[in-house]
Amino acid sequence: MANMSQYFQSVALSDVGLHRTENEDSGWAGARVLAVADGLGGHAGGEIASSLAIKKISQLEKLSLNQRNAETTLVETFLEINNSLAMEMKNKSELQGMGTTLTAILIGKERLFLAHLGDSRAYLIRDGKISQLTKDHTVVQELLDQGRISPEEVDGHPQRSFVTKALMGAAQHERPDFTEFEIVEGDWLLLCSDGLAGVIDETTIRKVIDTHGISDATLSELKGLAFKKGAPDNLTIIVATVSSEKNSYPGFIGAASGESGEK
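These notes cover the structure that comes with them. (Residues numbered from 1 in each chain as written. Predicted model: local features only at pLDDT ≥ 70, side-chain atom pairs only at ≥ 80, totals over all residues. Heavy atoms only, no water.)

**What about the environment of valine 184?**
Then, number 1: Looking at the secondary structure, you find valine 184 in the loop between strand E9 (177-182) and strand E10 (188-192).
Then, number 2: Between the C-alpha atoms of valine 184 and valine 242, which are 58 residues apart in sequence, the distance is 8.3 Å. (Helix = DSSP H or I, 4+ residues; strand = E, 2+ residues; numbered from the N terminus.)

**Thoughts on the side chain of threonine 218**
Then, number 1: In this fold, threonine 218 is placed in helix H6 (residues 216-228).
Then, number 2: For threonine 218, the residues in contact, after removing those within four places along its chain, are Val208, Ile209, His212, Gly213 and Val239. (Contact = heavy atoms within 4.5 Å.)

**Considerations on the sheet that holds strand E11 (residues 235-243)**
Then, number 1: An order of E1-E11-E10-E7-E8 is seen for the five strands of this open sheet, with the pairing classed as antiparallel. Across the chains shown, the open sheet's two edge strands, defined by having one partner strand only, are strand E1 (7-15) and strand E8 (129-132). The sheet shows a mean angle of 20° between the axes of neighbouring strands, direction not considered.
Then, number 2: The strands touched by helix H5 (residues 202-212) within the sheet are strand E7 (121-126), E8, E10 and E11, with E8 carrying the most contacts at an inclination of about 125°. (Pairing = 2+ DSSP bridges. Axes fitted to C-alpha atoms, helices over the stretch in contact; angles between N-to-C directions.)

**Notes on the pairing of E7**
Then, number 1: Of all the six residues making up E7, five are buried; the element is thus mostly covered by neighbouring parts of the structure.
Then, number 2: For E7 and E10, the ladder comprises five bridges, and the chain directions are antiparallel. Bridged to leucine 124 within E10 is leucine 189.
Then, number 3: The pairing of E7 with E8 spans four bridges and is classified as antiparallel. Across the sheet, the residue bridging to arginine 126 is lysine 129, located in E8. (Buried < 20%, exposed > 50% of the residue type's maximum accessible area, 1.4 Å probe, protein only.)

**Some details on the pattern of salt bridges**
Then, number 1: This structure, assessed with the given rule, holds nine salt bridges.
Then, number 2: Ionic pairing is found between arginine 121 and aspartate 136, a salt bridge with its closest N-O pair at 2.5 Å. Of the two residues, arginine 121 is situated in strand E7 and aspartate 136 in the loop between E8 and helix H3 (139-145); the sequence distance between them amounts to 15 residues. Across the pair, aspartate 136 and arginine 121 agree in class, each one buried. (Salt bridge = Lys/Arg side-chain N within 4 Å of Asp/Glu carboxyl O.)

**Some words on the nonpolar core**
Then, number 1: Judged by nonpolar contacts, the single largest core of 28 residues is most densely connected at Ile54, Ile57, Leu74, Leu85 and Leu102.
Then, number 2: Secondary-structure elements contributing two or more residues to this core are strand E3 (33-40), helix H1 (43-58), helix H2 (70-91), strand E5 (102-107) and strand E6 (111-117).
Then, number 3: Considering every element that reaches this core, the biggest residue donor is H2, with six residues.
Then, number 4: Beyond its immediate stretch of four places on either side in the chain, leucine 74 contacts Ile57, Leu60, Leu106, Phe113, Ala115 and Phe178.
Then, number 5: Ranked by size, the runner-up nonpolar core spans 21 residues in total, among them Cys192, Leu196, Ile205 and Ile237. (Core = buried A, V, L, I, M, F, W, Y, C linked by side-chain atoms within 4.5 Å.)

This is how it looks when you write it as structure tokens:
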């Protein structure tokens, strides 16, 4: 697989869900960059924050990243987004308190690079097994790590959606988690907001993706399952694989696409 350019092939959707009036999620599914952002802080602010983050990260499509420059580039991009959020809030007082999660995967030479802040998630499906590539930055995850609650207590926990790290325009900017892993033919990737991961378990997600692959059937089945569980939040889903062919791609979804309803 060396020396060949690699591209994402993907399907993507963003939906307002059953309980929200606006979609504060945004996503980008491009040829070389996949990203999901879940806006925080009230709908006007949340939509603006997630859109801003996604528009900025989508610009990395133009870059060729390798192991030497990927981490620096991603960390700097997260910092730029944070600074842009700070400027927006300074200029518009009604946007105070807005922020966004951001989870992004980029293609480099033979490697994939992942940067992450917040509780949106990235998963890898390899050889029929699903593994979570990101760690949630939430109060509940911290309590789990400390052994103060059990995995079974997560679902009904009152602080379940409290995010501990995100892009908030703060002077003390959080550095994103950074990981890299090799590209293996046949891998599937899933990026999603907690509107999906919060209601559907990993095994179910894996089975749906195994069955339908990169197709609208995958998206509609996952969305249907989330709706059966009440779809309490906006949900954004990108399912992708890596290919040597550059095909057309979904582009912007959710608030970043300029539509506040479905994709």
